[in-house]
Every structure is written in C-alpha cells, then in structure tokens.
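One-letter residues, chain by chain:
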Amino acid sequence: MDESLRERVMVRLERCVGCRSCELACRVAHSQSGTLWGAVMEEPKPRRRIFVEQAAESPAPFLCRHCEDAPCVRCCPTGALRFDETSGLVAYAVDRCIGCHACVMACPFGVVQPGRGDLFVVKCDRCEGRDRPACVEACPTRALVLETAFLVDRRRRAVGRFVEAARLDISEADLMAAGSAQSP
C-alpha cells in the first residue's frame, strides 16, 4: 500500500497565491493524454477536482477531504461512493452510480461535482496511480502538501523557535511577540 494514499492533502492558506497551478495539474492528470496540450484539445474537457476560490481576503484551494464519516457516502443509495479503509479514500465506482447527485448536494465542501460523459460525478481520487497527487506536485509555493510533510515542517519550525529562544536567552512567548522569522 502506498503510504501517500493514506495521507491527507493539507492546505497552508498563508502560502496560497491563487495561481491555480493545482487546478491545471489536476485537469492534466485526469485527461486522457496526460499532457497539457492533449488536455486542452480533448472533448469533453477534463474536469478539475480541486477549486481555488476566494475566501475572505485570500485565495483558498478546496478539495475532497476524504472524510471517514463522509456525508456523500452516507447519502449514496447504491454504494457508488464508499470509504475504503485500506486506502483511506472515498472511492467512486461509476458502474454503481445512477446519477442522482445526492452526493453533490450532501458534500459540505462543495467538491463533489456533477460530471459529463461517462461520469455522473467528479471528485478527487487522490490521483490514483501516482506517487503524489498532481496538485501537490504542481504547487509552486508548497501551499498544498501531504500530511507527513506538513507535520515535519511544523515540527521543524517549532524546534527552530525553541533553538532561537535559547540562543537569544529569551522565552518563546517573547520571541513570538517580537515577530521572529521562525514564527508560523
């Protein structure tokens, strides 16, 4: 089992610049050709599974959270959507879907979208078959990271704050109040 499948994609809002590279990478990854040019020329156009929207004063990427107790799974009358304990993902089986769109209405994040063509709905599949999701790989500011990388970075910054506080012989609270470059 690829461990990256079990990891959630974390969003660091302070790093998102709204460039939409994640949306483009998602479309290319889910195109038939797997190339930018091919994705542009395909009909129907490949659908994105991540959405950069304006939230308050800054851009924010929205994508499926693959909830363990997912409303989309609970409302699906045919079991086309189910939580896969092995992968940690909400999986979609198109052959079981009847296109009722109950999942579209139930998703609290609005990231399950009506589909076109052979797909009744479109949702994040965490780029099945890839080591890392295309959106994570494409993000130039590392606003999108896998959970492990997020936690390691967070831990590294916390240790950095303690080391700097010890070096300057001040408390961490005073260091944070002074606006240290190490603060999150």
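An unreviewed UniProt entry annotates the protein as Carbon-monoxide dehydrogenase iron sulfur subunit originating from Desulfosoma caldarium.

Peer 1: Which parts of the structure should I look at to understand the overall build of the protein?
Peer 2: Within the protein one finds eight helices and eight strands. Summarising its shape, the C-alpha atoms of the protein cover approximately 65 × 35 × 35 Å along the three principal directions. Scored against the burial criterion, the 184 residues of the protein give a buried share of 37%. Taking all contacts inside the protein whose residues are at least 6 apart in sequence as the whole, residues at least 24 apart take part in 53%.

Peer 1: Please clarify how the pairing of strand 5 (residues 89-92) should be interpreted in this entry.
Peer 2: Strand residues, when the strand is regular, have side chains that alternate between the two faces of the sheet. Taken together, the four bridges between strand 4 (residues 81-84) and strand 5 define a ladder with antiparallel strand orientation. Within strand 5, the residue paired with Asp84 across the bridge is Leu89.

Peer 1: For this particular structure, what's the right way to read the pattern of salt bridges?
Peer 2: Opposite charge on two side chains makes pairing possible when the charged atoms of those side chains draw close. Taken as a whole and assessed by the stated rule, the structure comprises six salt bridges. Residues Glu43 and Lys45 are paired through a salt bridge, measuring 3.3 Å at the closest nitrogen-oxygen approach. The partly exposed category is assigned to Lys45, whose relative accessible area is 33%. One connected set of salt bridges, linked through shared partners, spans Arg20, Glu23 and Arg48.

Peer 1: I tried to follow the domain arrangement of the protein on my own but got confused; where do I start?
Peer 2: Size of an interface, as often reported, equals the accessible area lost when the parts are brought together. What the domain assignment lists for the protein is domain 1 (1-63 + 130-176) and domain 2 (65-123). Computed from C-alpha atoms alone, the centre-to-centre distance between domain 1 and domain 2 is 23 Å. Counting residues at the interface gives 13 residues for domain 1 and 14 residues for domain 2. When the buried surface of domain 1 facing domain 2 is broken down by residue, Arg47, Arg49 and Leu63 rank first, second and third, together holding 42% of it. Here domain 1 and domain 2 share zero salt bridges between them.

Peer 1: Where do I start with the side chain of Glu7 in this structure?
Peer 2: Positionally, Glu7 belongs in the loop between helix 1 (3-6) and strand 1 (9-11). No salt bridge is formed by the buried Glu7; the nearest opposite charge belongs to Arg126, separated by 7.6 Å. Within polar-contact distance, the side chain of Glu7 engages the backbone nitrogen of Glu147 at 3.4 Å. When neighbours within four sequence positions are excluded, Glu7 is seen to be in contact with Arg126, Leu146, Glu147, Thr148 and Ala149.

Peer 1: Is there a simple way to explain a nonpolar patch on the surface in this structure?
Peer 2: Taken together, the side chains of Leu24, Leu36, Trp37, Val40 and Met41 make up a nonpolar region of the molecular surface, amounting to roughly 550 Å² of accessible area. Tallying contributions element by element places helix 3 (residues 36-41) first for the nonpolar patch, with four residues. Tracing the sequence through the fold places Trp37 in helix 3.

Peer 1: Is there a simple way to think about helix 2 (residues 21-29) in this case?
Peer 2: Residues three or four positions apart in an α-helix share a direction because the helix packs 3.6 residues into each turn. Looking at helix 2, one finds that the buried residues are Cys22, Glu23, Ala25, Cys26 and Val28. Considering only its buried residues, helix 2 is in contact with helix 3, strand 2 (50-55), helix 6 (134-138) and strand 8 (144-146).

Quick notes on the rules
- Residues numbered from 1 in each chain as written.
- Predicted model: local features only at pLDDT ≥ 70, side-chain atom pairs only at ≥ 80, totals over all residues.
- Heavy atoms only, no water.
- Helix = DSSP H or I, 4+ residues; strand = E, 2+ residues; numbered from the N terminus.
- Buried < 20%, exposed > 50% of the residue type's maximum accessible area, 1.4 Å probe, protein only.
- Contact = heavy atoms within 4.5 Å.
- Pairing = 2+ DSSP bridges.
- Salt bridge = Lys/Arg side-chain N within 4 Å of Asp/Glu carboxyl O.
- Domains from an automatic or database assignment.
- Buried area = accessible area lost by both parts, 1.4 Å probe.
- Lys, Arg positive; Asp, Glu negative; His and termini not counted.
- Polar contact = N/O pair within 3.5 Å; in protein donor to acceptor, adjacent residues only side chain to side chain.
- Patch = residues over 30% accessible without salt bridge, like charges linked within 9 Å, V, L, I, M, F, W, Y side chains within 5 Å.
- Areas by Shrake-Rupley, 256 points an atom, 1.4 Å probe, with all protein chains shown as cover.

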